[in-house]
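# Inside the fold
The primary structure of each chain is shown beneath.
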Amino acid sequence: MSQYTEILLTQRPDGNPIGPHMFEVKHKPVPTIGPGQILIKQTHMSLDPAMLGWMMPDTNSYIPRVELGEVMRSSGFGQVVESNHPDFAKGDNVMGMMGWTEYLVSTGQGINKVQAGVTAEMALAVFALPGLTATQGLFNIGKPKVGETIVVTGAAGSVGSIVGQLAKADGLRVIGVVGSEEKADWIVSELGFDGAINYKTDDLESKLEELTPDGVDLFFENTGGPIQHHIFHRMNTHGRIIVCGMIADYTAEEPAPGPNWINLIKKRITVQGFAMPDHFGDVPNLLAKLTPYVMQGKVKYRTHTLQGLESAMTGLNLFFTGENKGKLLVEL
Ligand SMILES: NC(=O)c1ccc[n+]([C@@H]2O[C@H](COP(=O)([O-])OP(=O)(O)OC[C@H]3O[C@@H](n4cnc5c(N)ncnc54)[C@H](OP(=O)(O)O)[C@@H]3O)[C@@H](O)[C@H]2O)c1
């Protein structure tokens, strides 16, 4: 009988880079399915910064942690290779929560069919978490208006790059914050952002002032870090701050101090955090909003693809060094 590989979490993060010491790689016989079940061969797995949080001991977050001894959690894209389920046929392309495994048996719960013509890369980089997060955060929380200025941190990342393009398509002035010249060039030359700030090399205050002459109406926060205070201080009256991610703090020993709240009163600013699991029931509406932009060619993306299941164990570190160029995927 042929074998497949799965990877279990066996140790929680200890402050060192994520690596094989935290996981057990298991080889098992490919399972057979029972009534009402499908067998999925996963072909592409999504890596996401949130995975670090899911591995942490914290039991007080927006989603349960992954327990030690469990298959590591992830979303993915694959193909149905056997089906005893009326809604799925052999050969269907599907996506959903699959975990760090080459094969899985499913009842179909949480697994969605993918339309013909949508590649694995497009499904995971646009229509899965990145696009849904960008759409929810920008439109439902940020409520952008033509002519406003938005600053997006993590702007060359999978969420930030989509936020910026959607905002640009809707007539906003869009400034992105990134960690390299290559990413600055990509978001301006390829994606059409109005300007980029390199938070590692630019003078943050003066560059931000130069690029946001009318102040900042929307701040889409993906990273935290020292630029947060500068953007906060340039917020206009009735500005909205959408708190999506704080990656600079995920590996920090001490969380960074936040800005003083006095500006929230003076400028009547709204600050709202959100987490996508609250909005999974609204996916059809989010997709209905996002899809026309994609169909009109207004959402470009790039993927950074690692090879083989075991590459996930060290691949996650690329988020924290900024070495990922686009949506981080593992091809199985
Ligand atoms: N709220 C939600 O439901 C939700 C859903 C999805 C994602 N998120 C969050 O959204 C953010 C972006 O996620 P993504 O999947 O699109 O990842 P991503 O932006 O594709 O990758 C992470 C990027 O963060 C940047 N970064 C790393 N360390 C940093 C630091 N200390 N300061 C500033 N930037 C740093 C790096 O880019 P540079 O090279 O530019 O530094 C890196 O490439 C993450 O914080 C993630 O947790 C939240």
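Just above, that's the structure.
Report follows, based on the coordinates. (Residues numbered from 1 in each chain as written. Predicted model: local features only at pLDDT ≥ 70, side-chain atom pairs only at ≥ 80, totals over all residues. Heavy atoms only, no water.)

## Description of the side chain of histidine 85
To keep it simple, the criterion reads: Strands are runs of DSSP state E lasting at least two residues, helices are runs of H or I lasting at least four, and both sets are numbered from the N terminus onward. Think of it in three bands: residues with accessible area under 20% of the maximum for their type are buried, residues over 50% are exposed, and the middle band is partly exposed, with areas taken using a 1.4 Å probe on protein chains only. Whenever a nitrogen or oxygen atom comes within 3.5 Å of another N or O atom, the pair is scored as a polar contact, on the condition that within protein one atom can donate a hydrogen and the other can accept it, and that pairs from neighbouring residues in sequence are kept only if both atoms are in side chains. Contacts were defined at the residue level, with two residues in contact if any of their heavy atoms lie within 4.5 Å.
Summarising the element assignment, histidine 85 is placed in the loop between β4 (75–83) and β5 (93–97). Judged by relative accessible area, which is 16%, histidine 85 ranks as buried. Only 3.0 Å separates the side chain of histidine 85 from the backbone nitrogen of aspartate 87, close enough to count as a polar contact. With residues near it in sequence (within four places) discarded, histidine 85 still touches Gly36, Gln37, Ile38 and Thr107.

## Points about the site of the ligand
Cut-off, in case you're wondering: Proximity is defined per residue: any heavy atom of the residue falling within 4 Å of a molecule or strand makes that residue near it. Residue burial considers only the protein chains on display, and all accessible areas are found by Shrake-Rupley using a 1.4 Å probe.
Among the 25 residues in the neighbourhood of the ligand, the closest are listed as Gly179, Lys183, Tyr199, Tyr250 and Asn324. Contact distances for the ligand include 2.6 Å between an oxygen atom and a side-chain N or O atom of tyrosine 199. Take asparagine 324: an N or O atom from its side chain is 2.4 Å from an oxygen atom of the ligand. Across the complex, the protein chains shield 90% of the 910 Å² of accessible surface that the ligand would expose by itself.

## Brief notes about the nonpolar core
What counts, and what does not: In these notes, a set of buried Ala, Val, Leu, Ile, Met, Phe, Trp, Tyr and Cys residues joined through side-chain atoms within 4.5 Å is what counts as a nonpolar core.
Grouped together as the largest cluster of nonpolar side chains are 45 residues, with contacts concentrated most on Leu138, Ile150, Val163, Leu166, Ile187 and Phe220. Of all the secondary structure elements, the ones that give two or more residues to this core are α2 (120–127), α3 (129–142), β8 (149–153), α4 (158–169), β9 (173–178), α5 (181–190), β11 (216–221) and α10 (283–295). Residue contacts for leucine 166: discarding those within four places in its chain leaves Ala134, Thr135, Leu138, Phe139, Leu290, Tyr293 and Val299.

## Section: the sheet that holds strand β10 (residues 195–198)
Our working rule: Pairing between strands requires that DSSP locate at least two bridges from one strand to the other. Interaxial angles span 0 to 180 degrees and are taken between N-to-C directions of axes, which are lines fitted to C-alpha atoms, for helices over the stretch in contact.
In spatial order, the strands read β10-β9-β8-β11-β12-β13; together these 6 strands make up an open sheet with parallel pairing. In this open sheet, the two strands that pair with only one neighbour each are β10 and β13 (270–273). Between one strand axis and the next, the sheet turns by 15° as a mean value, whatever way the strands run. Relative to β9, β8 is paired through 5 bridges, and the arrangement is parallel. Looking across to β9, one finds that threonine 153 is bridged to valine 177. The strands that α4 touches are β8, β9 and β11; relative to β8, the one it contacts most, it runs at about 170°.

## A closer look at the side chain of threonine 212
Here threonine 212 shows up in the loop between α6 (204–211) and β11. With sequence-adjacent residues up to four places away left out, threonine 212 is seen in contact with Thr149, Val151, Ile175 and Arg234.

## Section: unusual backbone geometry
One non-glycine residue, lysine 143, lies in positive phi territory at about 45°. Within the secondary structure, lysine 143 sits in the loop between α3 and β8. With a relative accessible area of 51%, lysine 143 lands in the exposed category. Backbone geometry places arginine 268, a non-glycine residue, at a positive phi of 50°.

Fair warning: the whole summary comes from geometry, so function is off the table for now.
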